[in-house]
Amino acid sequence: MMTLDLRDLTVRRGGREVLSGATLAVGPGEFVGLLGPNGAGKTTLLRAALGLERHEGQSNLARLAPERRARAAAFLPQGREIAWPVAVAEVVALGRAGLGDDGGRAVGAAMARLGLGALAQRRADALSGGETARVLLARAIAQATPLLLADEPAAGLDPAAQIRCMALLADLAREGRAVVATVHDIALAARHCTRIVLMAGGRIVADGAPHDGPGGVLDPARLGAVFGIRAFRAETPEGPVVLPVGVTGPAWEAEATDAPPRG
């Protein structure tokens, strides 16, 4: 049974396609990393999948009623701000809002996984950036859905916190959830994801396992064509290590964006 099933998903803004014919199926136990340069369509794919963007094509989530969608998928957006002067525990409990139960066990388990016990009664609007990221991830996990969609969950975190974040998402997948996350760090995606979906120009251009050999989704030549970089790849007992070591394109150029319009 697929927890995410997208078919020919297309999003247009101002007459321009920012997502073109994306077809993607993700099942339980998979941790899928969406990789691609800025403006590739990664965020738009997640938002359209949830019905947050007007789109053509089909998404099994977008056609659900809001209550059923809240039980099917949790969403962690890029925004890392908590504006309310409420306790951390209350913010995490918002992950259960509208689900018709008290969810105390799920909230407690999510806070424990993110090490938030000591912060439970701290004002959520007075946290550091890293603490805020942990609280918002705990809120999404507390929703206890079979699918978690996360937009740049490791962005802005220090190296140890990035590894812990990605390892936690991988653990959730091993426990039977499906996880889809946009990731900019190729090395993190290669180490922790079970599957990589490479995007460029609003399209899915490659899809495969990180450990696939020459010609695979993380082949240095393929990464060079998509990102305009020179990439180094080495195999280790813990999986491939893939690092950008230089650029091949122009110094700077105007880039499209797949971020939703503001206002």
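Residue positions within a chain follow its written sequence, with the count starting from 1. Given that this is a predicted model, residues contribute local features only at a pLDDT of at least 70 and side-chain atom pairs are listed and counted only at 80 or more, while totals for whole chains, interfaces and linings are drawn from all residues. To get the side-chain values, take all heavy atoms of the structure and skip hydrogens and water.

Q: Describe the pattern of salt bridges, and please don't skip the residues or the numbers.
A: By definition, a salt bridge exists where a carboxyl oxygen of Asp or Glu is found within 4 Å of a side-chain nitrogen of Lys or Arg. Under the criterion given, the structure shown has 12 salt bridges. For E56, the salt bridge identified is with R12, shortest N-O distance 2.2 Å. One end of the pair, E56, is in strand β4 (residues 56-59); the other, R12, is in strand β1 (residues 4-13), and 44 residues separate them in sequence. Assessed through its relative accessible area of 42%, R12 is described here as partly exposed. The numbering of helices and of strands both runs from the N terminus, where a helix is a DSSP run of H or I of at least 4 residues and a strand a run of E of at least 2. The cut-offs for exposure are 20% and 50% of the maximum accessible area for each residue type, with area from a 1.4 Å probe on protein chains only; residues under the lower value are buried, those over the upper are exposed, and the others partly exposed.

Q: How would you sum up the side chain of T145? Please name residues and give values.
A: With respect to the element layout, T145 can be found in the loop between α5 (129-142) and β6 (147-151). Its relative accessible area of 2% is what places T145 among the buried residues. A distance of 2.7 Å separates the side chain of T145 from the backbone oxygen of L147, its partner in a polar contact. N or O atoms closer than or at 3.5 Å make up a polar contact, with two conditions inside protein: a donor-capable atom paired with an acceptor-capable one, and, for residues adjacent in sequence, both atoms drawn from side chains.

Q: Lay out helix α4 (residues 104-113) in plain terms, naming residues and giving numbers.
A: Buried within α4 we find V107, A110 and M111. In an axial view of α4, the angular spread of the buried residues amounts to 100°, which keeps them on one side of the axis. For α4, the exposed residues set more than 90 degrees away from the buried face come down to R105 and A112. Buried residues along α4 sit against α3 (88-93) and α5. Once α4 finishes, G115 follows within two positions and takes phi at roughly 65°, a positive value. Picture the helix axis, draw a direction to every C-beta atom, and the arc is the one those directions span. Contact between two residues is taken to exist if any of their heavy atoms lie within 4.5 Å; hydrogens are not considered.

Q: With reference to specific residues and values, describe a nonpolar patch on the surface.
A: On the surface, F232, V241, L243 and V245 cluster together into a nonpolar patch covering about 320 Å² of accessible area. Here the nonpolar patch takes three residues from strand β11 (residues 239-247), the largest share from any one element. Tracing the sequence through the fold places L243 in strand β11. You can call L243 partly exposed: its relative accessible area is 38%. Only residues whose relative accessible area exceeds 30% and that form no salt bridge are eligible for patches; like-charged ones are grouped when within 9 Å, while nonpolar side chains (Val, Leu, Ile, Met, Phe, Trp, Tyr) are grouped when within 5 Å. Only the protein chains shown count as cover for residues, and the accessible areas themselves come from Shrake-Rupley with a 1.4 Å probe.

Q: For the sheet that holds β4, give the residues involved together with the corresponding values.
A: Two strands are counted as paired when DSSP detects at least two bridges linking them. Strand order across the open sheet formed by three strands is β2-β1-β4, with antiparallel pairing between neighbours. Two strands close off the open sheet at either side, each with one partner strand: β2 (16-26) and β4. Strand-to-strand, the axes of this sheet are offset by a mean angle of 15°, without reference to chain direction. Taken together, the three bridges between β1 and β4 define a ladder with antiparallel strand orientation. Paired with R7 across the strands is Q58, a residue of β4. Sheet strands touched by helix α1 (residues 42-49): β1, β2 and β4. Its angle to β1, the strand with the most contacts, is close to 115°. Only the stretch in contact is used when fitting a helix axis, every axis being a line fitted to C-alpha atoms; angles between N-to-C directions are given from 0 to 180 degrees.

Q: Let's hear about the pairing of strand β3 (residues 31-35): which residues, and what values?
A: Extensive coverage of β3 is indicated by the burial of five of its five residues. Every second residue of β3 is oriented toward a common face, with F31, G33 and L35 on one face and V32 and L34 on the other, all of them buried.

Q: I'd like a description of the nonpolar core, backed by residues and values.
A: Judged by nonpolar contacts, the single largest core of 54 residues is most densely connected at F31, V92, L169 and L218. If you tally residues by element for this core, the top one is α5, at eight residues. With near-sequence residues (within four places) excluded, L169 lies in contact with F31, L137, L148, P153 and V179. Ranked by size, the runner-up nonpolar core spans 27 residues in total, among them V18, L34, L61 and M199. Throughout, nonpolar core names a set of buried Ala, Val, Leu, Ile, Met, Phe, Trp, Tyr and Cys residues whose side chains join them through atoms within 4.5 Å.

Q: How would you explain the sheet that holds strand β9 (residues 203-208) if you had to name every residue and give the values?
A: The six strands lie next to each other as β5-β6-β7-β3-β8-β9, forming an open sheet whose pairing is mixed. With one partner strand each, in any of the chains shown, β5 (73-76) and β9 form the two edges of the open sheet. Within the sheet, the average angular offset between the axes of one strand and its neighbour, ignoring direction, is 15°. Sheet analysis places β5 next to β6, joined by four bridges and oriented parallel. Residue pairing in the sheet places A74 in a bridge with L148 of β6. Across the face of the sheet, helix α8 (residues 220-227) comes into contact with β3, β8 (195-200) and β9 while running at roughly 35° to β8.

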